[in-house]
Amino acid sequence: MENEFPSGTPGEKTVENPYVKSVAPEVRVPSDRKKESGSSSKLSGIFDAVITTSIVALFFGLPLFFTGMTMQGLAFEKQIYFYLWLLVGVIAWVSKGVVLGEMKIRRTPLDIPVIAFVVVYGLATAFSTDRWDSFWGTFSDPSRGFLSVAALALAYFLITSHFNKKRLQLSFGGLTIASFLLVVWSFLVLMGIRFLPASIEAYAPLSLMGTVTTLALFLSISPIVFMTALFSLFRDENAKMASWKKWLPTVFLLVGLLLNLLLLLALYSFVSWPVIIGGLGFFLIFILAQIVRPAEQWAWVPMVVFVAILAFLMFGSVPLARTNLPVEVIPKFAFAFDIAKKAVAEKFLLGSGPATYGSVFSLYRPVEYNQNSLFTLRFDQTPGIFLEALSTIGALGTIAYLVLCLSFVSIGIYLLSNDKSRNKLFSLGIWSIAVSFFIASFISAFNGPILLIASLLASLALATVLWESGTEERHLTLSLKASPKFALALAFVFMVVSAGVAFLFVFLGKVLVADISAGSAVREAGATEQAATQLGRAASLNPQEKQYLISLGQTYISLANQEAAKPESERDTNKVAGLIKAAIQVTERAYSLAPESVRTAEAAGLIYENSSLYASDALSKAFDYYKKASDLEPNNPVILVKLGQVKRAMGDNVQAEGADKTAAYNEAKGYFESAVEKKADLGIAHYNLAVVLSRLKDYGTAIDETNKAIVLEKTNVTYAYSLGTLYQLRKGDGDLDKAQKIYEDILKSNEKLVDVRLALGLLHEEKKEKDQALAEYRKILTYLPDGDQGDTLRKQINVFIETLQNGGSNLAKSTPPAAPAPTSEAAPAASGQVPVAAPETVPAPTTPTPASTPAVPGR
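The text that follows walks through the structure, step by step, so that each part is easy to find. Throughout, residues of each chain are indexed from 1 in the direction in which the sequence is written. Only residues with pLDDT of at least 70 get local features here, since the model is predicted, and only at 80 or more are side-chain atom pairs given and counted; chain-wide, interface and lining totals rely on the full set of residues. The basis for every side-chain value is the complete set of non-hydrogen atoms in the structure, without hydrogens or water.

Each helix is a run of H or I in the DSSP string that is no shorter than four residues. Each strand is a run of E no shorter than two, and both are numbered from the N terminus. For the protein, the count of helices and strands is 32 helices and four strands. Exposure is judged per residue with a 1.4 Å probe applied to protein chains only, and the accessible area is read against the type maximum: over 50% gives exposed, under 20% gives buried, and values in between give partly exposed. Here the protein holds 859 residues, and 52% of them are scored as buried. Every residue pair with non-hydrogen atoms within 4.5 Å of one another is taken to be in contact. Counting only contacts in the protein whose residues sit at least 6 apart along the sequence, the fraction spanning at least 24 positions is 74%. For the protein, the exposed surface amounts to about 38900 Å²; the carbon and sulfur share of it is 61%. What sets the accessible areas is the Shrake-Rupley method with a 1.4 Å probe; for residues, cover comes only from the shown protein chains.

Printed below as a string of structure tokens:
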């Protein structure tokens, strides 16, 4: 047999001897290079194992991870978990590249859409109204921040560049086990079965996904997870697997599937049914069309599950849960769409900035929202991502998002439908989950944990369908073995990346420790010095988080009030002044971090309002901050009430009667009238309007407004007591009798209300009923507590009694003796306390617990 040109001179023919074994010339490799090659191979293997561990940890841990120790709650904890494991994987990836002298990044059809979306997101962050929130994310759910989106893009390239069959099986297996554990946990919790030690139960959440709505959304995709895992066990390639290795997992999968269905029925009102029907329908269509062919003995399972879901829709809600479920709300789609239209009209291209929907909601919330009983709630997220994207990243960002989503869906459908000879079981299962999340992203609460899990599964889905479709792999190779200049530049980039990763590790560690410290503070019973210390530590570790500063300021004010309430002999006035000063400083700092946030402006206004007894200019500053808050949330009637209250207090501080006092009262009246105009059924607005009208001597109108407040809040003792005083002040025909009846009705429900009984005594004096007045004064003495405060009140009441007995009158005393405030209006106070009518209060606007935002223990 002859070979041309095997060796020797070109053109020379060589005849091979069939009896002589041909031996290739030996190439000698220096021993030091052999050792270097072996060492590199071992290190590369170690880094590969670390990458595998980090990817599996993401799929297994994200649904389950919690600590229960942080202030911000589960969504924050899972976000930190995601960051830390992703950094581990990236470090291993970069280190492997340095060891091998090259770094490979797999090229996929989604590379350009992913990068384009991240770039547009970065531009929106740069032009944001709150750059820090847009970079990091909002308090309690950082998933909308640029850092989170960039990290998800990095996770996409990490997963697709290191995809292989083993990692697919481990990742999907981790997700399946996590789904099973989550289903079992949720079932036990909803059935009221205690299964945790008391020490852990104190920190354990009701929902491992943060909110019950988010849990229901995860449970909507987990049946597909269980069925895909079941089908994978009985693939042809597993035919030789030991029988017990297939049937033991099968039992667990079927139990998990059954419990999953029961949970969906128990959480009926929380489930987004179009999501589960859309995902299961997609899954079932490909099986019925024989494009994907599971083992024949299990082909009936998805059809039974789909029929069961349709039956649930027919049955409706069934009260299976044995535990109290929270009330969770999200804004209606039409309502959120109206806000999105206004936001896009104002900032068309790039919106207000990522993670700023809370500010958008406040600015554009319509007056009609005040007709809702939950009108004080503020929403940081919308139903679905689409409307939130329109508002926060504008038309440009929304288009980039839609291009990414539609490219993803079209690629998947094409590759799944193409080449029926390949049985793409894993692809169908993971893609059906991705379709479910795609539907949910338009109609359901889509908060942090779901966003992370959905993005990771989408990355895995694309890598899986490319692999099962037999698509040729293409890579972008960054090599240190290229030209020296390129190698030096790449080495420099690796060093910068390594330094950045190290910085992020330290930063994330500090952020987590800070929030654990803050979480410990909010679990304290009331405001304590220990809580203030812990919040101060949190603010020091994470100085950009304004919520720590706001909470710290509120704690300082509470401590100041506690100190000021002590008897004069024990009171430290310097400590009070120091606490007030510290509260103002930290709250001012919080406001400086986010001057366009209604929450920080409102918090600053509240701090100054509470400091008005200690600082002469506090009321004017409180008014300025409330005015800023009102500008940021113009249709909020509660803030208008606060503006009116502060302006009325400024009028009260004017000593002499005259134009200045009257002008302040008239200005306050205007704010209360505006509040009533924006919410006609707001009792506190009518009540405060009545108070300022009484200052202006318009008693008739004041009585009318108080009656409106009482109609709206029939059990409010303060309103009834004020109505009695107004009748007593007006002194019209029959007014004193009306006032007497009101006071007596109040005392029937709680006879220990000292100020009401004192007013009744004065009323009897006014009606020349001396004996009845003395009887009321003497009853007051039986309700006064021991101690300095009780002794002071006792002396004042004894003066009233002596004055009346000596033929004098107490009607000239314009101000009744002060009394301590009650712990509640309804029940008699505990021993040592004197209940009085509750002081006027205004419900402060609060943050919600939506499908988009999770409940935080202790908050």
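From this point, things continue past the structure.
Moving on, we get to the packing of helix H16 (residues 425-443) against helix H17 (residues 448-468). Angles here are taken between N-to-C directions and fall from 0 to 180 degrees, while the axes themselves are lines fitted to C-alpha atoms, restricted in helices to the stretch in contact. For the pair H16 and H17, the least separation of the axes is 8 Å and the interaxial angle reads 145 degrees. Read as a crossing pair, H16 and H17 show a hand that is left-handed. Contacts between H16 and H17 involve Leu 425, Phe 426, Ser 427, Ile 430, Trp 431, Ile 433 and Phe 437 from the former and Ile 450, Ile 453, Ala 454, Leu 457, Leu 460, Ala 461, Leu 462, Thr 464, Val 465 and Glu 468 from the latter. Note: crossing handedness is left-handed where the near helix turns anticlockwise from the far helix by less than a right angle, and right-handed where it turns clockwise.

Turning next to helix H23 (residues 618-632). Here the expected span of a helix is defined as 1.5 Å times the quantity of residues minus one. An ideal rise of 1.5 Å per residue puts 21 Å on 15 residues; H23 measures up with 21 Å between its terminal C-alpha atoms. Residues of H23 that are buried: Ala 618, Leu 619, Ala 622, Phe 623, Tyr 625, Tyr 626, Ala 629, Ser 630 and Leu 632. Where H23 is buried, its residues contact helix H13 (357-364), helix H21 (573-593), helix H22 (598-610), helix H24 (637-653) and helix H25 (659-678).

The next subject is helix H31 (residues 770-783). Its 14 residues place the ends of H31 21 Å apart at the C-alpha level, agreeing with the 20 Å of an ideal helix rising 1.5 Å per residue. Among all positions in H31, only Ala 773, Leu 774, Glu 776, Tyr 777, Ile 780 and Tyr 783 are buried.

For this document, the term salt bridge refers to a Lys or Arg side-chain nitrogen within 4 Å of an Asp or Glu carboxyl oxygen. Enumeration over the complete set of coordinates arrives at 31 salt bridges. Measuring nitrogen to oxygen at the nearest pair gives 2.8 Å for the salt bridge that ties Lys 96 to Asp 48. Highlighted residues: Lys 96 in helix H2 (residues 74-100) and Asp 48 in helix H1 (residues 31-61), separated in sequence by 48 residues. Under the relative-accessibility criterion, Lys 96 is labelled buried at 17%. Among the ionic pairs, Lys 767 bridges to Asp 737, the shortest N-O distance being 2.8 Å. Residue Lys 767 is found in the loop between helix H30 (754-766) and H31, and its partner Asp 737 is found in helix H29 (residues 735-749); the two are separated by 30 residues along the sequence. Here the salt bridges share partners, and the residues they tie into one network are Arg 365, Arg 378, Glu 602 and Glu 633.

The pairing test for Phe, Tyr and Trp rings, Trp by its six-membered ring, is centres within 6.5 Å, and the orientation test on the planes gives stacked under 30 degrees, edge-to-face over 60, and tilted for anything in between. One pass over the structure, following the stated rule, counts 38 aromatic pairs. On the basis of an interplanar angle of 50 degrees and a centroid distance of 6.2 Å, the ring pair of Phe 117 and Tyr 401 is categorised as tilted. Placement of Phe 117 in helix H3 (residues 111-126) and of Tyr 401 in helix H15 (residues 394-417) is noted, with a sequence separation of 284 residues between them. You'll find Phe 117 and Tyr 401 in the same group, each marked buried. Geometrically, the ring pair formed by Phe 503 and Phe 507 is stacked, given 6.2 Å between the ring centres and 10 degrees between the ring planes.

In this text, buried Ala, Val, Leu, Ile, Met, Phe, Trp, Tyr and Cys residues form a nonpolar core when linked through side-chain atoms within 4.5 Å. Counting residues in each nonpolar core, the largest one holds 141 residues, and the members touching the most others are Phe 82, Trp 136, Ile 309, Phe 437, Phe 446 and Leu 462. Considering each element in turn, this core owes the most residues, 15 residues, to helix H8 (residues 212-233). If you look at the next biggest cluster of nonpolar residues, it comprises 88 residues, including Leu 643, Leu 682, Tyr 721 and Leu 747.

Turning our attention to a nonpolar patch on the surface. A grouping of Ile 115, Val 119, Leu 123 and Phe 127 is seen on the molecular surface, where their side chains present a nonpolar patch of about 390 Å² in accessible area. In this structure Leu 123 comes out as partly exposed when scored by relative accessible area, which is 39%. Note on patches: the residues involved have over 30% relative accessible area and no salt bridge, like charges join within 9 Å, and the nonpolar side chains Val, Leu, Ile, Met, Phe, Trp and Tyr join within 5 Å.

For Lys 731, which is not glycine, the phi torsion reads 60 degrees and is therefore positive. Following the sequence through the fold, Lys 731 ends up in the loop between helix H28 (717-730) and H29. On the basis of relative accessibility, which here comes to 49%, the residue Lys 731 falls in the partly exposed class.

Moving on, we come to the environment of Gly 429. Tracing the backbone through its elements, the reader meets Gly 429 in helix H16. Given the relative accessible area of 0%, Gly 429 is considered buried. Along the primary structure Gly 429 and Ala 461 are separated by 32 residues, whereas in three dimensions their C-alpha atoms are 8.6 Å apart. Not counting residues up to four positions away in its chain, the partners in contact with Gly 429 are Ile 224, Thr 228 and Phe 283.

Another point: the environment of Val 638. In this fold, Val 638 is placed in helix H24. We classify Val 638 as buried; its relative accessible area is 1%. In this structure the C-alpha to C-alpha distance between Val 638 and Ala 675, which are 37 residues apart in sequence, comes to 7.1 Å.

Considering the arrangement of structural elements, one finds Arg 648 in helix H24. Taking the C-alpha atoms as reference, Arg 648 lies 5.4 Å from Tyr 665; in sequence the two are 17 residues apart. Of the polar contacts made by the side chain of Arg 648, one reaches the side chain of Asn 688; its length is 2.9 Å. Here a polar contact means two N or O atoms within 3.5 Å. Within protein one must be a hydrogen donor candidate and the other an acceptor candidate, and residues neighboring in sequence count only if both atoms are side-chain atoms.

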